[in-house]
Amino acid sequence: MKAVPMTRFLDATDVAMLVRRIGLGTALQQLASCVRQDFLRWPRFEKAARVASHSPVGVIELMPVTDGAQYAFKYVNGHPHNAMAAMPTVMAFGVLAEVCTGFPLLLADLTLLTALRTAATSALAARAMAVPGADTMALIGNGAQAEFQVLAFLQMLGVRHVRAFDVDGGATARLRRNLAHVPGLTVTAATSIDDALQGAQLITTATADKTRATVLRDGQIGAGVHINALGGDCPGKTELDAALLRRARVVVEYEPQTRIEGEIQQLPPAFPVIELWRILAQEQPGRLDAADVTVFDSVGFALEDYAALRWLHAAACEHHAGRHVELVAIPEAPADLYGWMLQAEQGEAEGGQAQGLLAAGKAGLGMAVA
Ligand code: NAD
């Protein structure tokens, strides 16, 4: 029998163990490098806004992209009230496939990697847009994304001071506990958003609420500040005052998607924005003046997940992480799917496990299988 191609599978624990083995700092750096490389190849990708299915309590989205050699998609949800069901707001998994055959090379949890790739992309944007030397960040919303944002900004921009605020004081306390031993970093619990903004040249908003919130008002923001806004990522879900956006230099990932989902959904379609790849490619400056207010209106784009999946695949192969699974049927005679099914059934029966399945199959199909 010839060897059957197998898909590498990493569950959530496999991904966490791999990231810890590589080291979170190294993983963030490597991921940022993959994200940057792929943004610099922007014209080569076939891109589409993600397909979203909305419900009153959240959203489920599919995010596809391909560069013609590999194809990737991510399944991701956003349910701001999931904590009440003891589940995260955001959960994700993804697939990386080869375009030449369509074979899925990798199936993996992407919940952790979504946080990592979002943080890496935020830091890449901030590095190109913030005033040089910015070392103090206000962090509004201290949930699952928060620690990763802080660590990426520490590592890639040298942010040393974080002023954290959350409507849930327990979230800020957890953030401070989790980051208490990071050398050279101080995380201060702020008493309000205004308090968090004191002395901050960088502001990250990472709140979750399926509503048109105004987490930051225009009058609160002084000259020269860079805002990394990642919580407004759905129609009807925003964080920033429209007046603030109007006076800012706004950078987005993929304009057609951000017009629907980002902060700029509040503004007319002609409002000028710049796509991130142009800033990273230095086609356009991140800021024109030290006094500019800059905004990275981040919603998360499929290209970032493609970069995360290709990083994960390479790292998993190198470290022998995860396991191989027969995710898709590959009969020895490719067109003989029926014969393959009978063989598989025989194998199960020989293993003494198939009787129930066989009976269920016969009953369900309403036919006998020879
Ligand atoms: P989370 O639910 O774990 O954390 C959200 C936190 O925001 C909670 O602690 C909550 O108490 C706090 N919060 C809610 N409203 C607030 C307010 N008005 N002021 C201060 N704090 C407030 O969610 P998460 O996984 O950390 O994600 C945060 C947001 O980022 C979500 O909206 C999510 O959809 C979005 N997100 C965006 C990207 C992207 O690529 N742009 C990626 C991942 C997540």
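See the structure printed just above.
Since we're looking at a predicted model, the values are computed, not measured.

All right, on to unusual backbone geometry then. A positive phi angle is found at Ala-86, which is not glycine, with a value near 55°. If you trace the backbone, Ala-86 turns up in the loop between strand E4 (70–78) and strand E5 (92–98). With relative accessibility at 73%, the residue Ala-86 sits in the exposed group.

Let us now look at the pattern of salt bridges. For the structure shown, the criterion picks out 14 salt bridges. The closest approach of N and O atoms between Arg-50 and Glu-261, which form a salt bridge, is 2.7 Å. Taken together, the residues span a long stretch of sequence, with Arg-50 in the loop between helix H2 (24–40) and strand E2 (51–55) and Glu-261 in helix H8 (residues 255–261) at a distance of 211 residues. Relative accessible area serves as the criterion here: at 9%, Arg-50 is assigned to the buried category. Residue Asp-233 is joined to Lys-237 by a salt bridge in which the shortest nitrogen-to-oxygen separation is 2.4 Å.

The subject of this paragraph is the sheet that holds E4. Sheet architecture is open: seven strands sit in the order E2-E3-E4-E5-E6-E1-E17, paired in mixed fashion. For this open sheet the edge positions go to E2 and strand E17 (323–325), each flanked by a neighbour on one side alone. Going across the sheet, the axis of each strand differs from the next one's by a mean of 15°, ignoring polarity. Bridge analysis of E2 against strand E3 (residues 58–66) gives five bridges, and the strand direction is antiparallel. In the sheet register, Val-51 faces E3, and the bridge partner there is Leu-62.

Further remarks concern the packing of helix H3 (residues 111–129) against helix H4 (residues 146–157). Interaxial distance between H3 and H4 falls to 8 Å at its minimum, and their mutual angle equals 40°. It follows that H3 is oblique to H4 by the angle criterion. Relative to H4, the crossing made by H3 is right-handed. Packed against H3, whose contacting residues are Leu-112, Ala-115, Leu-116, Thr-118, Ala-119, Ala-120, Ser-122, Ala-123, Leu-124, Ala-126 and Arg-127, the element H4 presents Phe-148, Gln-149, Ala-152, Phe-153, Met-156 and Leu-157 at the interface. When its residues are assigned to classes, the contact of H3 with H4 shows 13 nonpolar, three polar and one charged.

Here we take up the side chain of Arg-163. For Arg-163, the location among the structural elements is in strand E8 (residues 161–165). Leave out the neighbours within four places in its chain, and Arg-163 touches Thr-136, Met-137, Ala-138, Leu-139, Thr-188, Asp-195, Ala-196 and Gln-198.

Not every one of the 23 residues close to the ligand is listed here, only the nearest: Thr-89, Gln-145, Asp-166, Asp-233 and Lys-237. In the model, an oxygen atom of the ligand is placed 2.5 Å from a nitrogen or oxygen of the Thr-89 side chain. A distance of 3.4 Å separates a nitrogen atom of the ligand from a polar atom in the backbone of Val-167. For the ligand, the accessible surface in isolation is 860 Å², of which the surrounding protein chains cover 86%. Residue composition of the shell around the ligand, by class: nine nonpolar, nine polar and five charged.

Below, the discussion takes up the environment of Ile-22. Checked against the element boundaries, Ile-22 lands in helix H1 (residues 12–22). Separated by 217 residues in sequence, Ile-22 and Glu-239 place their C-alpha atoms 34 Å apart. The contacts of Ile-22, once residues within four sequence positions are left out, are Ala-27, Gln-30, Trp-311, Ala-315 and His-319.

To continue, consider the sheet that holds strand E16 (residues 294–297). Within the open sheet, the eight strands sit side by side as E9-E8-E7-E10-E12-E16-E14-E15. Their pairing is parallel. Each having just a single partner strand, strand E9 (186–189) and strand E15 (274–275) make up the two edges of the open sheet. Across the sheet, H3 is in contact with strand E10 (202–205), strand E12 (226–229), strand E14 (249–252) and E16; its angle to E16 comes to roughly 160°. Seen against the sheet, helix H5 (residues 169–179) touches strand E7 (136–140), E8 and E9 and runs at an angle of roughly 165° to E9.

Glancing now at the nonpolar core. The biggest cluster of nonpolar side chains holds 76 residues, and the ones touching the most others in it are Leu-10, Leu-113, Leu-202, Trp-311 and Leu-312. Setting aside its immediate chain neighbours within four residues, Leu-113 contacts Val-15, Val-19, Leu-31, Ala-308, Trp-311 and Leu-312. Ile-140, Ala-229, Leu-267 and Val-293 belong to the second-largest nonpolar core, a separate cluster that totals 29 residues.

For an α-helix, the turn length of 3.6 residues means that residues three or four places apart are oriented alike. If you check H4, its first and last C-alpha atoms are 16 Å apart, about what twelve residues at 1.5 Å a residue would give, namely 16 Å. Buried residues dominate H4, accounting for eleven of its twelve residues. Where H4 terminates, the next one or two residues include Gly-158, which has phi positive at roughly 80°.

Note: E8 against E9, four bridges, orientation parallel. Bridged to Ala-164 within E9 is Ala-189. Taking the sense of rotation as the criterion, the β-α-β connection linking E8, H5 and E9 turns out right-handed.

Each value, and the rule that gives it
Residue positions are given per chain, counting from 1 as you read along its sequence in written order. Given that the model is predicted, a residue must reach a pLDDT of at least 70 before its local features are reported, and side-chain atom pairs must reach 80 or more before they are shown or counted; all residues, however, enter totals for whole chains, interfaces and linings. To obtain the side-chain values, all non-hydrogen atoms of the structure were used and water was disregarded. Secondary structure elements follow DSSP: runs of H or I no shorter than four residues count as helices, runs of E no shorter than two count as strands, and numbering proceeds from the N terminus. Whether a residue is buried, partly exposed or exposed follows from its accessible area with a 1.4 Å probe, protein chains only, as a fraction of its type maximum: under 20%, in between, or over 50%, in that order. Salt bridges are defined by distance alone: a side-chain nitrogen of Lys or Arg within 4 Å of a carboxyl oxygen of Asp or Glu. DSSP calls a pair of strands paired once it identifies at least 2 bridges connecting them. In this description, a line fitted to the C-alpha atoms serves as the axis of each element, helices being fitted only across the stretch in contact, and the angle between N-to-C directions of two axes falls anywhere from 0 to 180 degrees. Each angle receives one of four descriptions, namely roughly parallel if under 35 degrees, roughly antiparallel if over 145, roughly perpendicular if within 65 to 115, and oblique otherwise. In a left-handed crossing the near helix is turned counterclockwise from the far helix by less than a right angle, and in a right-handed crossing that turn is clockwise. Contacts between residues were defined by any pair of non-hydrogen atoms, one from each residue, lying within 4.5 Å. Polar here means any residue other than Ala, Val, Leu, Ile, Met, Phe, Trp, Tyr, Cys and Pro, which are nonpolar, and Asp, Glu, Lys and Arg, which are charged; Gly is therefore polar. A cutoff of 4 Å decides nearness: a residue is near a molecule or strand if any of its heavy atoms lies inside that distance of it. The definition of a polar contact used here is a pair of N or O atoms within 3.5 Å, where within protein one atom must be able to donate a hydrogen and the other to accept one, and adjacent residues in sequence count solely through side-chain atom pairs. Residue exposure ignores everything except the shown protein chains as possible cover, and the areas themselves are Shrake-Rupley values with a 1.4 Å probe. To qualify as a nonpolar core, a set must consist of buried Ala, Val, Leu, Ile, Met, Phe, Trp, Tyr and Cys residues joined through side-chain atoms within 4.5 Å. The length a helix should cover is 1.5 Å for every residue beyond the first. Looking down the strands as they point away from you, a crossover is right-handed if its path from the first strand over the helix to the second goes clockwise.

As far as function goes, none of this settles anything; it's purely spatial.
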